[in-house]
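# What the coordinates show
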Amino acid sequence: MPMIDVYAAKGTFSDSHTLARNLAAAVMRWEQVPDLPLFANNTAAFIHDLDAAAISNVAGDGNYVRVQVLTPLGVLDREKQLGVVEELTEIVATAAGDPSLRERTWVLLTESPEGGWGIAGHANTNSDIAARARTALEGR
């Protein structure tokens, strides 16, 4: 149930909604969770349009995109980390219509601490989330 934040200069993406949906769907696939409302409704991306002057590297270039992915602790092993970074980079470059953006897209993977994943006012552990998923699967 990742949360994804994308930071880019205004105008980088013509269709932020589709970009957000594609990113969320990709990370959910890489997490390999069941296709349940619990996961689909709690996996989201947020596109943050920044003033171009708000982004810069040391050389003064501001044509970068930062994608930060927050997941529950331990859901992405090394293979999944490699895959999700590659796919999100491709999705971003495609959405921008700029293949060279692959070289200027930073993807940061961050894990929430155990008990630090809040949904509906409850700070969930991985066991809490797994129990909710089992209950949802049994109710199918």
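This write-up is about the structure you can find in this document. Just so you know, these numbers come straight off a predicted model, no measurement behind them. (Residues numbered from 1 in each chain as written. Predicted model: local features only at pLDDT ≥ 70, side-chain atom pairs only at ≥ 80, totals over all residues. Heavy atoms only, no water.)

## Considering the sheet that holds strand β4 (residues 105-112)
If you trace the 4 strands from one edge of the open sheet to the other, you get β2-β1-β3-β4, paired in mixed fashion. On the outer flanks of this sheet lie β2 (44-50) and β4, each paired with one strand and no other. The mean angle between the axes of side-by-side strands here comes to 15°, regardless of whether they run parallel or antiparallel. Sheet analysis places strand β3 (residues 65-72) next to β4, joined by 8 bridges and oriented parallel. Opposite valine 67, over in β4, you have valine 107 as the bridge partner. The strands that helix α1 (residues 16-31) touches are β1 (3-9), β2 and β3; relative to β2, the one it contacts most, it runs at about 140°. Contacting β3 and β4, helix α3 (residues 78-96) crosses the sheet at an angle of about 135° to β4. (Pairing = 2+ DSSP bridges. Helix = DSSP H or I, 4+ residues; strand = E, 2+ residues; numbered from the N terminus. Axes fitted to C-alpha atoms, helices over the stretch in contact; angles between N-to-C directions. Contact = heavy atoms within 4.5 Å.)

## Re the side chain of threonine 43
By secondary structure assignment, the location of threonine 43 is in the loop between α2 (37-40) and β2. For threonine 43, a relative accessible area of 9% gives the class buried. A polar contact is formed between the side chain of threonine 43 and the backbone oxygen of phenylalanine 39, at a distance of 2.7 Å. Once residues lying within four places of it in the same chain are set aside, the contact partners of threonine 43 are Met1, Pro2, Met3, Ala24 and Met28. (Buried < 20%, exposed > 50% of the residue type's maximum accessible area, 1.4 Å probe, protein only. Polar contact = N/O pair within 3.5 Å; in protein donor to acceptor, adjacent residues only side chain to side chain.)

## Digging into the pattern of salt bridges
In the structure shown here, the tally under the stated rule is 3 salt bridges. Of the charged contacts, one joins aspartate 98 and arginine 104 as a salt bridge, the two residues approaching to 3.1 Å between their closest N and O atoms. The class for aspartate 98 is partly exposed, based on a relative accessible area of 24%. (Salt bridge = Lys/Arg side-chain N within 4 Å of Asp/Glu carboxyl O.)

## Regarding α3
The terminal C-alpha atoms of α3 lie 27 Å apart, and with 19 residues this matches the ideal 27 Å at 1.5 Å per residue to within 8%. By the burial criterion, the buried members of α3 are Lys80, Gly83, Val84, Leu88, Thr89, Ile91, Val92 and Ala93. Those residues of α3 that are buried lie in contact with α1, β3 and β4. The opening residue of α3, the one whose side-chain oxygen lies 3.2 Å from the backbone nitrogen of glutamate 79, is aspartate 77. Looking one or two places after α3, you find glycine 97, whose phi comes out positive at around 65°. (Expected span 1.5 Å × (residues − 1).)

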